[in-house]
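# Geometric and topological summary
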Amino acid sequence: MDKVSSLAYQLHEMLLESNEYLSLKETENIMLNDLEASNLIASYHQALEKYSTNKSDAVLKELHQAKLNMDLNELVIKYKEKYKDYQILLGKITEVVFEDFASTSTIDKIIRAK
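It should be emphasised that the depicted structure is a prediction, and the values quoted were computed from it without experimental measurement. (Residues numbered from 1 in each chain as written. Predicted model: local features only at pLDDT ≥ 70, side-chain atom pairs only at ≥ 80, totals over all residues. Heavy atoms only, no water.)

### Points about the overall build of the protein chain
Stated precisely, the cut-off is as follows: Numbering of helices and strands runs from the N terminus; a helix is a DSSP stretch of H or I covering at least four residues, while a strand is a stretch of E covering at least two. Only protein chains enter the calculation, and the probe is 1.4 Å; a residue is then buried if its accessible area is under 20% of its type maximum, exposed if over 50%, and partly exposed in between. Note on definitions: a residue-residue contact is assigned when non-hydrogen atoms from the two residues lie within 4.5 Å. To be clear on the numbers: accessible area is Shrake-Rupley with a 1.4 Å probe, and residue cover counts the displayed protein chains and nothing else.
A count of helices and strands for the protein chain gives 6 helices and 0 strands. If you list the helices and strands of the protein chain from N to C, you get α-α-α-α-α-α. Among the 114 residues that make up the protein chain, the fraction classed as buried is 18%. Once local pairs closer than 6 in sequence are excluded, the contacts in the protein chain between residues at least 24 apart make up 57%. Of the roughly 9100 Å² that the protein chain leaves accessible, carbon and sulfur atoms contribute 57%.

Encoded structure:
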């Protein structure tokens, strides 16, 4: 295995041990083991499936209500906050890994090339 792949696997392991990831997984487990939150999530997914085959106004309204109910749940809110924290970490890593690969001016030249 080459050095870059080896380092990528090391980074993967470090991400799995990061506070952001561990906090996200802990919050996810709490949310999914909570009867109310898991029922709200299930209701939303059922409404989403229903909407995929029936795009009526009544089903759309049901879908919106299920999403609203789910999004107002305290555990779902906390999960989304932890997920955002983890996404921020991944964004920082992406910035570091891909820094200097392409500048905006280079991208602009490529996109505008005729």
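### So, the confidence of the model for the protein chain
Under the convention used in this document: Scored between 0 and 100, pLDDT is the confidence that the predictor attaches to each residue.
Per-residue confidence for the protein chain averages 92 on the pLDDT scale, and 89% of its residues sit at or above 70. Put simply, helix H6 (residues 104–112) is where the protein chain has its lowest mean pLDDT, 67, and helix H2 (residues 19–33) is where it has its highest, 98.

### Observations regarding the side chain of Thr27
The line we're drawing: Polar contacts, as counted here, are pairs of nitrogen or oxygen atoms within 3.5 Å of one another; within protein the pair requires one atom able to donate a hydrogen and one able to accept it, and residues that are adjacent in sequence qualify only if both atoms are side-chain atoms.
Relative to the elements of secondary structure, Thr27 occurs in helix H2. A distance of 2.8 Å separates a polar side-chain atom of Thr27 from the backbone oxygen of Ser23. In this view, Thr27 contacts Leu75, Lys78, Tyr79 and Lys82; residues no more than four positions away in its chain are not counted.

### Brief notes about the packing of helix H4 (residues 57–71) against helix H5 (residues 74–98)
This is how it is decided: Helix axes are fitted only over the stretch in contact, all axes being lines through C-alpha atoms; the angle between N-to-C directions runs from 0 to 180 degrees. Should an angle lie under 35 degrees it is considered roughly parallel, over 145 roughly antiparallel, and from 65 to 115 roughly perpendicular; all remaining angles are considered oblique. Classification convention: Asp, Glu, Lys, Arg as charged; Ala, Val, Leu, Ile, Met, Phe, Trp, Tyr, Cys, Pro as nonpolar; all other residues, Gly among them, as polar.
Two numbers describe how H4 lies on H5: the axes approach to 6 Å, and their chain directions differ by 75°. What the angle tells us is that H4 and H5 run roughly perpendicular. Within the contact between the two elements, H4 uses Lys67, Met70 and Asp71 and H5 uses Val76, Ile77 and Lys80. Of the residues assigned to the contact of H4 with H5, the class counts are 3 nonpolar, no polar and 3 charged.

### Considerations on the nonpolar core
Basically, it comes down to this: Buried Ala, Val, Leu, Ile, Met, Phe, Trp, Tyr and Cys residues that are joined via side-chain atoms within 4.5 Å together make up what is termed a nonpolar core.
In terms of nonpolar packing, the biggest core is built from 16 residues, with Met31, Ile41, Tyr44, Met70, Val76 and Tyr86 touching the most fellow members. Those elements that provide at least two residues to this core are H2, helix H3 (35–53), H4 and H5. No other element matches H3, which puts 5 residues into this core. Residues contacting Met70, with those up to four places away along its chain left out, are Leu40, Ile41, Tyr44 and Val76.

### With respect to H2
For clarity, the cut-off: Expected helix span is computed as 1.5 Å times (number of residues minus one). An arc is given here, and it is the one of the directions from the helix axis to the C-beta atoms.
Relative to the 21 Å expected for 15 residues at 1.5 Å per residue, H2 spans 21 Å between its end C-alpha atoms, a close match to the ideal helical length. Of the residues making up H2, those classed as buried are Tyr21, Leu24, Thr27, Glu28 and Met31. Mapping the buried residues of H2 onto a view down its axis gives an arc of 130°, with all of them on the same face. When the buried face of H2 is taken as reference, the exposed residues oriented beyond 90 degrees from it are Asn19, Glu26 and Asn33.

### Remarks on H3
Side chains of residues three or four places apart in an α-helix project in the same direction, reflecting 3.6 residues per turn. Between its terminal C-alpha atoms H3 stretches 28 Å, which fits the 27 Å expected from 19 residues at 1.5 Å a residue. At its buried positions, H3 is contacted by H2, H4 and H5. Put simply, Asp34 is the residue that caps the front of H3, since its side-chain oxygen is 3.2 Å from the backbone nitrogen of Glu36.

### Describing the packing of aromatic side chains
Applicable threshold: Between the rings of Phe, Tyr and Trp (Trp by its six-membered ring), a pair exists once the centres lie within 6.5 Å; its type follows the angle of the planes, with under 30 degrees stacked, over 60 edge-to-face, and the other angles tilted. A ring is scored as having a charge over it whenever the NZ atom of a lysine or the CZ atom of an arginine sits within 6 Å of its centre and within 35 degrees of its normal.
Considering all chains together, one arrives at 2 aromatic pairs under this definition. Consider the rings of Tyr21 and Tyr86, whose centres lie 5.5 Å apart with planes at 55°: the pair is tilted. Taken together, the residues Tyr21 in helix H2 and Tyr86 in helix H5 connect sequence positions 65 residues apart. The exposure classification of Tyr21 matches that of Tyr86, with both residues buried. When the ring centre of Tyr51 is taken as origin, the NZ or CZ atom of Lys55, which lies over that ring, is 4.7 Å away. Looking at Lys67, its charged tip hangs above the ring of Tyr44, at a distance of 6.0 Å from the centre.

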